[in-house]
Amino acid sequence: MNTVTRPRILVVGAGFAGVECVRRLERKLSPAEADVTLVTPFAYQLYLPLLPQVASGVLTPQSIALSLRRSRKYRTRIIPGGAIGVDLRSKVCVVRTITDKIVNEPYDYIVLAPGSVTRTFDIPGLTEHAFGMKTLAEAAYIRDHVISQLDLADASDDPAERAARLQFVVVGGGYAGTETAACLQRLTHAAVQRYPRLDPGLIKWHLIDIAPKLMPELGDKLGRSAQEILGRRGIEVSLGVSIAKAGAEEVTFTDGRVVPTHTLIWTAGVVASPLIATLGAETVRGRLAVTSEMCLPGHDGVFALGDSAAVPDLAKGDGAVCPPTAQHAMRQGKRVADNVIATLRGLPMRPYEHKDLGLVVDLGGKDAVSKPLGVELRGVPAQVVARGYHWSALRTNVAKTRVMTNWLLNAVAGDDFVRTGFQARKPARLKDFEFTDAYLTPEQVRARAEGRTVESP
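Since we're looking at a predicted model, the values are computed, not measured.

> How should I be thinking about the packing of helix H1 (residues 16–28) against helix H8 (residues 326–344) in this particular structure?
Each pair of packed helices can be described by the angle between their axes along with the distance between the axes. For the pair H1 and H8, the least separation of the axes is 7 Å and the interaxial angle reads 35°. Here H1 and H8 pass one another in a crossing that is right-handed. For the pair formed by H1 and H8, the contact residues are Phe16, Ala17, Glu20, Cys21, Arg24, Leu25 and Lys28 on the first element and Ala326, Ala329, Met330, Gly333, Lys334, Val336, Ala337, Asp338, Val340 and Ile341 on the second. Classifying every residue of the contact of H1 with H8 by side-chain character gives eleven nonpolar, one polar and five charged.

> What's the story with the sheet that holds strand E21 (residues 309–310) in this structure? I'm lost.
In sheet architecture, strand pairing relies on hydrogen bonds along the backbone and comes in two forms, parallel and antiparallel. Taken together, the three strands give an open sheet; going across it, the order is E18-E19-E21, and neighbouring strands pair in mixed fashion. One side of each edge strand has no neighbouring strand; the edge strands of this open sheet are strand E18 (283–284) and E21. Pairing of strand E19 (residues 287–289) with E21 involves two bridges; the strand directions are parallel. From the neighbouring strand, Ala289 faces E21, where its bridge partner is Ala310.

> For this particular structure, what's the right way to read the environment of Pro351?
Among the structural elements, Pro351 can be located in the loop between H8 and strand E22 (358–362). Each C-alpha atom, one on Pro351 and one on Gly219, is 29 Å from the other, the two residues being 132 residues apart in sequence. Among all residues touching Pro351, those that are not within four sequence positions of it are Ser292, Glu293, Leu314 and Arg335.

> So what exactly am I meant to see when it comes to the environment of Leu198 here?
Structurally, Leu198 can be placed in the loop between helix H6 (175–191) and strand E11 (204–209). Given a relative accessible area of 5%, Leu198 falls into the buried group. With 82 residues separating them along the chain, Leu198 and Ser116 place their C-alpha atoms 39 Å apart. Those residues in contact with Leu198, other than ones at most four positions away along the chain, are Leu150, Ala153, Asp154, Arg162, Leu166 and Val192.

> Any chance you could explain a nonpolar patch on the surface here in plain terms?
The grouping of Trp391, Met404 and Leu408 at the surface amounts to a nonpolar patch, some 270 Å² of accessible area in total. The residue Leu408 is located in helix H10 (residues 397–413) in this model.

> Honestly, the pairing of strand E8 (residues 109–112) in this entry has me stumped. Any pointers?
Across a regular strand the side chains alternate sides, sitting on one face of the sheet and then on the other. Alternating positions in E8 separate into two faces, Tyr109 and Val111 on one and Ile110 and Leu112 on the other, with burial throughout. One ladder, built from four bridges, connects strand E1 (residues 8–12) with E8; its direction is parallel. Counted as the bridge partner of Val11 is Val111 from E8. Sheet topology places E8 next to strand E20 (residues 302–304); three bridges connect them, and they run parallel. Residue pairing in the sheet places Leu112 in a bridge with Ala304 of E20.

> Can you walk me through unusual backbone geometry in this structure?
Among all residues save glycine, negative phi is the norm, and among peptide bonds the norm is trans. The backbone of Lys91 sits at a positive phi, close to 55°, despite the residue not being glycine. Using a relative accessible area of 29% as the deciding quantity, one classes Lys91 as partly exposed. Positive phi, close to 50°, is recorded for Arg285, a residue that is not glycine. Among the secondary structure elements, Arg285 is positioned in the loop between E18 and E19.

Criteria and thresholds
- Residues numbered from 1 in each chain as written.
- Predicted model: local features only at pLDDT ≥ 70, side-chain atom pairs only at ≥ 80, totals over all residues.
- Heavy atoms only, no water.
- Axes fitted to C-alpha atoms, helices over the stretch in contact; angles between N-to-C directions.
- Helix = DSSP H or I, 4+ residues; strand = E, 2+ residues; numbered from the N terminus.
- Left-handed = near helix turned anticlockwise from the far one by under 90°.
- Contact = heavy atoms within 4.5 Å.
- Nonpolar A, V, L, I, M, F, W, Y, C, P; charged D, E, K, R; others polar.
- Pairing = 2+ DSSP bridges.
- Buried < 20%, exposed > 50% of the residue type's maximum accessible area, 1.4 Å probe, protein only.
- Patch = residues over 30% accessible without salt bridge, like charges linked within 9 Å, V, L, I, M, F, W, Y side chains within 5 Å.
- Areas by Shrake-Rupley, 256 points an atom, 1.4 Å probe, with all protein chains shown as cover.
- Salt bridge = Lys/Arg side-chain N within 4 Å of Asp/Glu carboxyl O.

Right, dumping it as structure tokens:
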């Protein structure tokens, strides 16, 4: 008796790209056409642009974690774990499950959307002492840490320790770093009013970046406007500067300054997931080189998109690749799903092309700078655009309701400055959250796909 098996579509990653791809596959494919599987450590999609607002307490963590199990059309099998290697010849994805078991997951079509991880450099003490801003756990942990610094400063009788506790350093003058510094500065400015023994003038925030301009993608005028807003709030912006050395109680800048601090937040860019290196395929600055249809040349049934793929930006031309933004990832996810379906049905694929709609930067309160469709906005109009864009981009009505409720409640009642208790556990830093040492080498992937014994990391 002949058994006909359905094609197996494996999607790696539950970010903007992966989730949009899965949802479109569920809507447009009949159950008899293919089996869809999603590999992700968490059964939620994280709305990354709003992480700074979670760190500052404006939003609750749950409000930006969109459940993948709420869909009425839900029929995707979710494997809770992380992909740590892909063997393109055997069509096998190696997965480390949340029970720490390593399994081989075969596929006929694979969509690689593992996203990115925080970009770090070989700076002494960086990964041991810095915090990142890439995961929900990091954002919640940073909020606890910042509030605990106020508590510890209030409890200390040592002027030097008190001053060090109240200095904060953020590295990275892009959107993530600028919004993180702006939102957390508002948190400490409001919270210190509840500490009568603390001098508000002791609180100092530093935002540094090796680039000569703040958020250069916004243009000179809006970049300067953002810098002026931060300056009025007392945030010291230093450009052309980075970190030379990081310690538990001080940070040394490349210009020689030594800042006593217990808080170093590192947001200096991202790089493609280490999973991409396990494929042994051509890359462009670490991102997988793909065609405009988001296919991997020379490998049938392999698609890649989002932060981990160098997707040609046809709207710009001249060899440009799409920037690693949610705006592109969401649209790429839909196009890849359409191209997978076209391949299944023997139809031609379509290239991805999208003209950038603009940029929004929420600096908290009534402060924002935005550039929708090339129109430069500041202040309240920019804030309306920024929050309107984020609110409309949230995938579920439940998430939209939670976020809007949080915004309104925070605007009316403010913050309670409550610590949730993360600081009671072992201290965690950047190296503890993203598990970048969990991936296999291409040789280990090949051995595991062939069933040979291999020593795992």
